[in-house]
Amino acid sequence: TSTTDLLKVRDLDVQYGPAVALRDVSFDLPPNSALAVLGPNGAGKSTLARTLSGLVPPVRGSIELDGRNIAGRSPEYIRRTGLVHLPEGRGVFAGLTVLENLRMATMGDRRRRTESLNRALEIFPVLGERAGQAAGTLSGGEQQMLSLARALMVNPRLVIADEMSLGLAPKMVDVVFESLQRARAAGVAVLMIEQFATRALDFADRCLILQRGRVAWTGPADDAGSELLHRYLGDT
Ligand code: ATP
């Protein structure tokens, strides 16, 4: 039933001044699931991500996270409620070591901070091997892994990943998807915005296609076949 959903979005309208960016957007996200949000340029994907994480206030509609209405709340409040938005780009401090980057992201008392750090290194052993290395010298994929590990330090229920593999070589894209898979295995739900539609659909269990700010199609990722993708996304 709907009460078990981690995220419940209803009738969401978002505008930039007079320009409508999202209209009547509704969907649910069960705990620990992965949703691929697809759509052509300007469809409203990033706007949806930014509205969920509190960077843009909705004009209308409700957003429930874990039963709490977060629509229009501050990014800090939403983050504390369990939703972390990964920054576009890398979002790591290039001059600091991997360990320093992780330590900076921890909150709470010393014991909890140590627990969070150990958990992050357990999920991403590669980061432990590179603990003393400057983050700027990691590969692109590893920097995204570190960015994700930083986000997980606050124990979120849901991570929003907006174009995490943008500009990465194919091998590095593999690293990004594997990292997200590890986050899921640790119990975190993922809302993914991704240019590589087929890869996103392989990863996700649900799919939401936006078109001019509206939900054009939503359903199981397995049902989003090539004909459907071609209709809504063109030759991507
Ligand atoms: P892309 O794949 O190109 O990143 P998108 O699906 O993420 O696109 P959004 O960036 O959410 O789409 O944009 C949705 C609509 O809102 C577009 O028409 C865009 O021009 C407009 N828009 C986005 N940000 C702003 C802003 N800060 N001010 C005014 N209009 C905006």
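Keep in mind it's a predicted model, so treat the numbers as computed, not measured. (Residues numbered from 1 in each chain as written. Predicted model: local features only at pLDDT ≥ 70, side-chain atom pairs only at ≥ 80, totals over all residues. Heavy atoms only, no water.)

With respect to the pairing of strand β2 (residues 19-29)
Bridge analysis of strand β1 (residues 7-16) against β2 gives seven bridges, and the strand direction is antiparallel. Of the residues in β2, the one forming a bridge with Val 9 is Phe 27. Hairpin connection between β1 and β2: a loop of two residues separates the two successive antiparallel strands, and Gly 17 in this loop has a positive phi of roughly 60°. (Pairing = 2+ DSSP bridges. Helix = DSSP H or I, 4+ residues; strand = E, 2+ residues; numbered from the N terminus.)

What about helix α9 (residues 226-233)?
Helical geometry note: an α-helix holds 3.6 residues per turn, so side chains three or four residues apart project in the same direction. Burial in α9 covers these residues: Leu 228, Leu 229, Tyr 232 and Leu 233. With its buried residues spanning 100° around the axis, α9 presents them on a single face. When the buried face of α9 is taken as reference, the exposed residues oriented beyond 90 degrees from it are Ser 226, Glu 227 and Arg 231. Looking at the buried residues of α9, the elements they touch are β3 (34-38), α8 (197-203), β9 (206-211) and β10 (214-220). Of the residues trailing α9, Gly 234 is marked for its positive phi of about 75°. (Buried < 20%, exposed > 50% of the residue type's maximum accessible area, 1.4 Å probe, protein only. Arc of directions from axis to C-beta. Contact = heavy atoms within 4.5 Å.)

Structural notes on the confidence of the model for the protein chain
On average, residues of the protein chain carry a pLDDT of 92, and 97% of them reach 70 or more. We note a pTM of 0.92 for the whole complex and an ipTM of 0.95 for its interfaces. (pLDDT = per-residue confidence, 0-100.)

Description of the packing of aromatic side chains
Taken as a whole and judged by the stated rule, the model has one aromatic pair. With centroids separated by 6.0 Å and ring planes inclined at 70°, the aromatic side chains of Phe 177 and Phe 203 adopt a geometry described as edge-to-face. You can see Phe 177 sitting in helix α7 (residues 170-185) and its partner Phe 203 sitting in helix α8, a full 26 residues away along the chain. The same class applies to Phe 177 as to Phe 203, namely buried. Over the ring of Phe 203 we find Arg 184; its NZ or CZ atom is 5.7 Å from the centre of that ring. (Phe/Tyr/Trp six-rings, centres within 6.5 Å; stacked < 30°, edge-to-face > 60°. Lys NZ or Arg CZ within 6 Å of the ring centre and 35° of its normal.)

Observations regarding the packing of helix α6 (residues 140-152) against α7
At their nearest, the axes of α6 and α7 sit 8 Å apart, and the two run at 20° to each other. Classified by the angle between their axes, α6 and α7 sit roughly parallel to one another. Two packed elements cross with a definite hand, and for α6 against α7 that hand is right-handed. Contacts between α6 and α7 involve Gly 140, Gly 141, Glu 142, Gln 144, Met 145, Leu 148 and Leu 152 from the first element and Met 172, Val 175, Val 176, Ser 179, Leu 180 and Ala 183 from the second. (Axes fitted to C-alpha atoms, helices over the stretch in contact; angles between N-to-C directions. Parallel < 35°, antiparallel > 145°, perpendicular 65-115°, else oblique. Left-handed = near helix turned anticlockwise from the far one by under 90°.)

Quick notes on the nonpolar core
A general tendency of soluble globular proteins is for nonpolar side chains to be buried together. The biggest cluster of nonpolar side chains holds 51 residues, and the ones touching the most others in it are Leu 38, Leu 148 and Leu 180. One finds Leu 6, Leu 12, Leu 35 and Ala 49 within the second-largest nonpolar core, a separate group that totals 29 residues. (Core = buried A, V, L, I, M, F, W, Y, C linked by side-chain atoms within 4.5 Å.)

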